[in-house]
Amino acid sequence: MKQTKFLLAGMFFGLLIIKSEALSWFRIQEMFRFQSIHMFGIFGTAILVGSISVYAIKSLQLKTIEGELITLKKKPLKPRAQIFGGLLFGFGWVLTGLCIAPVYALIGTGYAASFLILFGALAGVFVYGWSKNKLPH
Amino acid sequence: MSFIIEPWPWYVVGPLMGATIPLLLFSGNKMLGASSSLQHLCALLPNRIDYFQYDIKKGFWNLLFAAGVILGAALTYHFFYQVESVNIADSTKEDLLALGIQNLEGLMPEEIFSNQSLWSVKGLFFSLVGGFMLGFGVRYAGGCTSGHGFMGLSQMSLSSTIAVISFFVGGTLFTHFVLPFIL
């Protein structure tokens, strides 16, 4: 199947989430208390590699393995949504100790809490979709 | 051979995480992100909400990516990760002990997330309400730590910069001013 490569890319990312312990509630506490370089070092080096790749892909007009030109879109600027949504996401990140990819990774470890957290997150997305037009964006 | 079962330092795992960005771009012009998969899962439920009316086939790759994360994490956790407790800083251990978190073993605190504690008021608040905030907030902000944090910041996007600053302001304030009262 042509899309299997995305499953494999996800497996690679899942491996890295475990090996980095980015799915640990304890690691996230350490991060929000600014008591170790661990998580910040991960973000810094990942963004460094990402930036260099994006710069090279854009300036050399590189193509995908299927020969299609790679086009990058930026997410639309909606300052109020990014601030209000971002703050709420930060609260949830502290409570659960997880951001989104780590929720999936925690399901893989078998912790029962991961299913409740995923259920809560899906309910949150559903209610956001339902109330979207009434929220400031 | 300890790297096989031990966690990896940030300077090894960080660049590899960053490499996921070109990996996805080269394999099919896809931008790294995890949270749109939650929107696609909601879109599978029959409903009439505008936000969930679109051709879900376009998002299928992200559902496969999420399934891959579950699978990759499961294999790694069960075969290549043997750790009693996460090696966090001593100062964090002291802070958490002072807040009443006695058991620092495993990936998350037993007092809140173990199978016994999960159904207590505290356990439900941290998991269900926390999960709700995570899901609502992430789609409102338009992306998560992967989409805004890794992908967006690598593109020097203004919207992602605002979002990531908000993630950290929210998390830091909540950790210092709310968490002590609910633990």
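In this text the structure is predicted, and so the values were computed from the model without any measurement.

Reading the values: the criteria
- Residues numbered from 1 in each chain as written.
- Chains lettered and ligands numbered in written order.
- Predicted model: local features only at pLDDT ≥ 70, side-chain atom pairs only at ≥ 80, totals over all residues.
- Heavy atoms only, no water.
- Helix = DSSP H or I, 4+ residues; strand = E, 2+ residues; numbered from the N terminus.
- Buried < 20%, exposed > 50% of the residue type's maximum accessible area, 1.4 Å probe, protein only.
- Contact = heavy atoms within 4.5 Å.
- Areas by Shrake-Rupley, 256 points an atom, 1.4 Å probe, with all protein chains shown as cover.
- Lys, Arg positive; Asp, Glu negative; His and termini not counted.
- Charge placed at Lys NZ, Arg CZ, Asp CG, Glu CD.
- Salt bridge = Lys/Arg side-chain N within 4 Å of Asp/Glu carboxyl O.
- pLDDT = per-residue confidence, 0-100.
- Buried area = accessible area lost by both parts, 1.4 Å probe.
- Polar contact = N/O pair within 3.5 Å; in protein donor to acceptor, adjacent residues only side chain to side chain.
- Nonpolar A, V, L, I, M, F, W, Y, C, P; charged D, E, K, R; others polar.
- Domains from an automatic or database assignment.

Focus on the overall build of chain B
Here is step 1 of the chain: Across its full length, chain B holds 9 helices and 0 strands.
Here is step 2 of the chain: Mapped from its N terminus to its C terminus, chain B presents α and β elements in the order α-α-α-α-α-α-α-α-α.
Here is step 3 of the chain: Counting the 183 residues in chain B, one finds 52% classified as buried.
Here is step 4 of the chain: Considering only residue pairs separated by 6 or more positions, chain B has 46% of its internal contacts joining residues 24 or more positions apart.
Here is step 5 of the chain: About 8200 Å² of surface is accessible on chain B, with carbon and sulfur atoms providing 66% of the total.
Here is step 6 of the chain: Charge centroids of chain B, computed over 7 positive and 10 negative side chains, lie 23 Å from each other.

Some words on the pattern of salt bridges
All names here are of chain A.
Here is step 1 of the chain: Throughout the structure, instances matching the rule amount to 5 salt bridges over all chains.
Here is step 2 of the chain: In this structure, Arg27 engages Glu21 in a salt bridge whose closest nitrogen and oxygen atoms are separated by 3.1 Å. With respect to class, Arg27 is no different from Glu21; both count as buried.
Here is step 3 of the chain: Ionic pairing is found between Arg27 and Glu30, a salt bridge with its closest N-O pair at 2.8 Å.

Overview of the confidence of the model for chain B
Here is step 1 of the chain: For chain B, per-residue confidence averages 96 on the pLDDT scale, and residues scoring 70 or more make up 99% of the total.
Here is step 2 of the chain: For this predicted complex, the interface confidence reaches an ipTM of 0.97, while the overall pTM sits at 0.97.

A short note on the interface of chain B and chain A
Here is step 1 of the chain: Contact residues are listed per partner, giving 131 residues for chain B and 111 residues for chain A.
Here is step 2 of the chain: Where chain B abuts chain A, roughly 10800 Å² becomes buried across the two surfaces, and 77% of that area is made up of carbon and sulfur atoms.
Here is step 3 of the chain: Per-residue buried area on chain B facing chain A is highest for Trp10, Leu134 and Tyr140 of chain B; these three make up 8% of the total on that side.
Here is step 4 of the chain: The interface formed by chain B and chain A contains 1 salt bridge.
Here is step 5 of the chain: Residue Arg33 of chain A is joined to Asp95 of chain B by a salt bridge in which the shortest nitrogen-to-oxygen separation is 3.5 Å.
Here is step 6 of the chain: Joining chain B to chain A, the criterion identifies 29 residue pairs in polar contact (both at pLDDT 80 or more).
Here is step 7 of the chain: Of the residues in the side of chain B that touches chain A, the class split is 83 nonpolar, 43 polar and 5 charged.

Focus on helix 7 (residues 145-154) of chain B
Residues and elements named next belong to chain B.
Here is step 1 of the chain: Of all 10 residues making up helix 7, 9 are buried, and the element is well covered by its neighbours.
Here is step 2 of the chain: If you check which residues of helix 7 are buried, you get Thr145, Ser146, Gly147, His148, Gly149, Phe150, Met151, Gly152 and Ser154.
Here is step 3 of the chain: Following helix 7 by one or two positions, Met156 has its phi on the positive side, about 55 degrees.

Details of the domain arrangement of chain B
Accessible area lost on assembly of the parts is the figure often given for the size of an interface.
All names here are of chain B.
Here is step 1 of the chain: The assigned domain composition of chain B is domain 1 (1-81) and domain 2 (114-183).
Here is step 2 of the chain: Between the C-alpha centres of domain 1 and domain 2 there is a distance of 18 Å.
Here is step 3 of the chain: Each side of the interface is counted separately: domain 1 has 11 residues, and domain 2 has 10 residues.
Here is step 4 of the chain: When domain 1 packs against domain 2, close to 880 Å² is buried across both sides, 71% of that on carbon and sulfur atoms.
Here is step 5 of the chain: By the criterion of area lost to domain 2, the three top residues of domain 1 are Ile21, Leu32 and Ser35, representing 48% of everything that side buries.
Here is step 6 of the chain: Here domain 1 is connected to domain 2 by 0 salt bridges.
Here is step 7 of the chain: Scanning the region where domain 1 abuts domain 2 turns up 3 residue pairs in polar contact (both at pLDDT 80 or more).
Here is step 8 of the chain: Residue assignment for the side of domain 1 that touches domain 2 shows that the elements contributing at least two residues are helix 1 (10-28) and helix 2 (36-43).
Here is step 9 of the chain: Of all the elements, helix 2 adds the most residues to the side of domain 1 that touches domain 2, at 3 residues.
Here is step 10 of the chain: Of the residues belonging to the side of domain 1 that touches domain 2, the class tally is 7 nonpolar, 4 polar and no charged.

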